[in-house]
Amino acid sequence: MIELCQATKRYGPKEALHAVDLRIPEGCVLGLLGVNGAGKTTALNLMTGYFPPTSGSVRVDGMDMLTQPRACKRRIGYLPEQPPLYDEMSVAGFLTFVSRLREVKDRDIPGHVKDICGLCGLEEVAGRPVGKLSKGYRQRVGIASALCGDPPTLILDEPTVGLDPRQVVEIRSLIRTLGETHTVVFSSHLLPEVQQLCTRVAILHQGRLVREGSLEELQGGSRRLRLEALGAPEKLLPALRGLPGVQRVLPQETGEAGVTAVLLECEEKAEISEALFRLLCALDAPIRLLAPERDSLEEIFLRLTAGKEAP
Ligand code: ATP
């Protein structure tokens with residue numbers, strides 16, 4: 001588990017992170033979201049021990065990054081935004097070199113590199129110089145180097161940025177596979193990517209953590225219901241507007257005559273289903289659909305990062 005405790009980072013007068021408290025439980029895939037300059041790379045650099053916080057602390061599995069840096073770093077594999085690759089080395093040679101740096105025993109290195117190449121789909125290019133590979137393969141080599149030494153946690157800074165659509169799909173699939181056996185933290189601008197891959201989401205805005213939790217927690221208890229009922233809007237809309245607990249009735253397009261579709265915005269904790277059912281029975285308007293309408297991650301993100309000041 002990685003913990004940032006009241007972690008603040010200043011670059012001279014610029015405060016890039018302010019008193020961030022973040023606990024990343026073992027086994028989760030956490031997406032770190034934020035607009036440009038929100039502090040994502042800074043947060044990842046703190047987690048990897050690349051630099052220390054100006055104040056606060058970073059803990060890995062209960063150990064302090066400042067006092068036990070080697071033990072902490074051994075538990076983390078890092079893919080920076082621009083992975084440091086040696087172009088003239090072969091893929092296998094490079095992974096052998098990184099494995100040695102990561103203190104894998106010499107006799108275990110060939111098997112270790114073979115396993116990592118298998119996991120990352122690099123067998124076919126293992127003998128090729130890194131400099132001759134496509135961007136997608138180079139990214140795989142970067143991820144493979146993060147896996148050297150078998151760290152249980154992987155930290156990936158914008159792993160799909162700059163890749164073509166096919167490579168994006170392949171790297172996402174690799175991250176999904178790695179997430180089955182590792183704790184994964186990655187930063188991204190792409191909300192659908194985070195929604196697809198992550199079990200938890202943390203949103204940074206102007207250096208502050210404005211929200212963290214599972215997708216369900218972020219989406220919260222829905223206060224909006226989508227309703228479709230058989231009956232003319234002129235008859236149903238006024239009746240729905242008068243229903244206790246309903247704040248707003250937003251008509252929706254159906255393209256079908258004789259069907260009313262609406263979004264009902266309800267008061268917090270209002271229980272309207274029984275009254276709604278009775279009302280529609282009285283109006284002889286059978287319900288065709290009644291379902292909670294959840295905010296998308298995009299809506300949540302835009303709401304939390306809308307203001308100039310972090311909420
Ligand atoms: P991006 O999505 O553009 O990579 P980010 O969310 O990763 O952005 P950071 O790179 O962590 O954000 O930067 C946070 C803030 O700190 C930004 O305002 C940035 O300009 C500033 N910053 C980052 N590194 C330094 C530095 N070495 N010196 C001064 N300011 C810095």
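Here, every reference points to the structure presented above.
Because the structure is a prediction, the values reported are computed rather than measured.

Caption draft 1: A look at the overall build of the protein chain. Scanning the protein chain for helices and strands turns up eleven helices and 14 strands. Since a compact globule built from 311 residues should have a radius of gyration of about 19 Å, the 25 Å found for the protein chain marks it as more spread out than a globular shape. Taken along the three principal axes of its C-alpha coordinates, the protein chain extends 80 × 45 × 30 Å. The buried share of the protein chain, reckoned over its 311 residues, is 47%. In the protein chain, of all internal contacts separated by at least 6 residues, the share reaching a separation of at least 24 is 68%. As displayed, the protein chain offers around 15,800 Å² of accessible surface, 51% of which is attributable to carbon and sulfur atoms.

Caption draft 2: Geometry of the sheet that holds strand 1 (residues 2–11). Pairing within the open sheet is antiparallel, and its four strands lie in the order 2-1-4-5. Of all the strands in the sheet, the pair left with one neighbour each is strand 2 (14–24) and strand 5 (63–64). Two strands pair when backbone bridges link them, and strand 1 and strand 4 (residues 55–60) are joined in this way by five bridges, in the antiparallel orientation. Each bridged residue has a counterpart across the sheet, and for L4 the counterpart in strand 4 is V58. The sheet strands contacting helix 1 (residues 40–48) are strand 1, strand 2 and strand 4, and the helix crosses strand 1 at an angle near 120 degrees.

Caption draft 3: A nonpolar patch on the surface, seen in detail. A grouping of F277, I287 and L290 is seen on the molecular surface, where their side chains present a nonpolar patch of about 260 Å² in accessible area. The topology assignment puts I287 in strand 14 (residues 287–292). Accessibility expressed as a relative area gives 35% for I287, which makes it partly exposed.

Caption draft 4: Fine view of the site of the ligand. The immediate surroundings of the ligand are formed by 14 residues, with G37, G39, K40, T41 and T42 found nearest. Between K14 and the ligand, the recorded distance is 3.4 Å, taken from a side-chain N or O atom to an oxygen atom. Contacts to the ligand include T41, whose side-chain N or O atom sits 2.8 Å from an oxygen atom. Relative to its unbound accessible area of 640 Å², the ligand is 61% covered by the protein chains. Of all elements in the fold, only strand 2 and helix 1 reach the threshold of two or more residues within the shell around the ligand.

Caption draft 5: Representation of helix 6 (residues 165–179) in the model. Here helix 6 spans 21 Å end to end across 15 residues, near enough to the 21 Å set by a 1.5 Å rise per residue. Within the sequence span of helix 6, burial applies to Q167, V168, I171, R172, L174, I175, L178 and G179. One side of helix 6 carries all its buried residues, which in axial view fall inside an arc of 160 degrees. Set apart from the buried face of helix 6 by more than 90 degrees, the exposed residues are P165, R166 and V169. Of the surrounding elements, those touching the buried residues of helix 6 are strand 3 (29–33), helix 4 (109–119), helix 5 (135–147), strand 7 (153–157), strand 8 (183–188) and helix 7 (191–197). The backbone nitrogen of R166 lies 3.0 Å from a side-chain oxygen of the residue at the head of helix 6, namely D164.

Caption draft 6: Broad picture of the environment of A126. Inspection of the secondary structure assignment puts A126 in the loop between helix 4 and helix 5. Between the C-alpha atom of A126 and that of F94, which follows or precedes it by 32 residues, the distance is 9.5 Å. The residues touching A126, leaving out its near neighbours within four places in the chain, are S90, V91, A92 and C117.

Caption draft 7: View of unusual backbone geometry. The phi angle at D61 is positive, at roughly 50 degrees, despite the residue not being glycine. Of note in the backbone geometry, E103 takes a positive phi value of approximately 65 degrees without being a glycine. Within the element layout of this structure, E103 appears in the loop between helix 3 (91–101) and helix 4.

What counts as what
Residues numbered from 1 in each chain as written. Predicted model: local features only at pLDDT ≥ 70, side-chain atom pairs only at ≥ 80, totals over all residues. Heavy atoms only, no water. Helix = DSSP H or I, 4+ residues; strand = E, 2+ residues; numbered from the N terminus. Rg over C-alpha atoms; globule rule 2.2 N^0.38 Å. Buried < 20%, exposed > 50% of the residue type's maximum accessible area, 1.4 Å probe, protein only. Contact = heavy atoms within 4.5 Å. Areas by Shrake-Rupley, 256 points an atom, 1.4 Å probe, with all protein chains shown as cover. Pairing = 2+ DSSP bridges. Axes fitted to C-alpha atoms, helices over the stretch in contact; angles between N-to-C directions. Patch = residues over 30% accessible without salt bridge, like charges linked within 9 Å, V, L, I, M, F, W, Y side chains within 5 Å. Salt bridge = Lys/Arg side-chain N within 4 Å of Asp/Glu carboxyl O. Near = heavy atom within 4 Å. Polar contact = N/O pair within 3.5 Å; in protein donor to acceptor, adjacent residues only side chain to side chain. Expected span 1.5 Å × (residues − 1). Arc of directions from axis to C-beta.

Shape is all these values report; function is a separate question.
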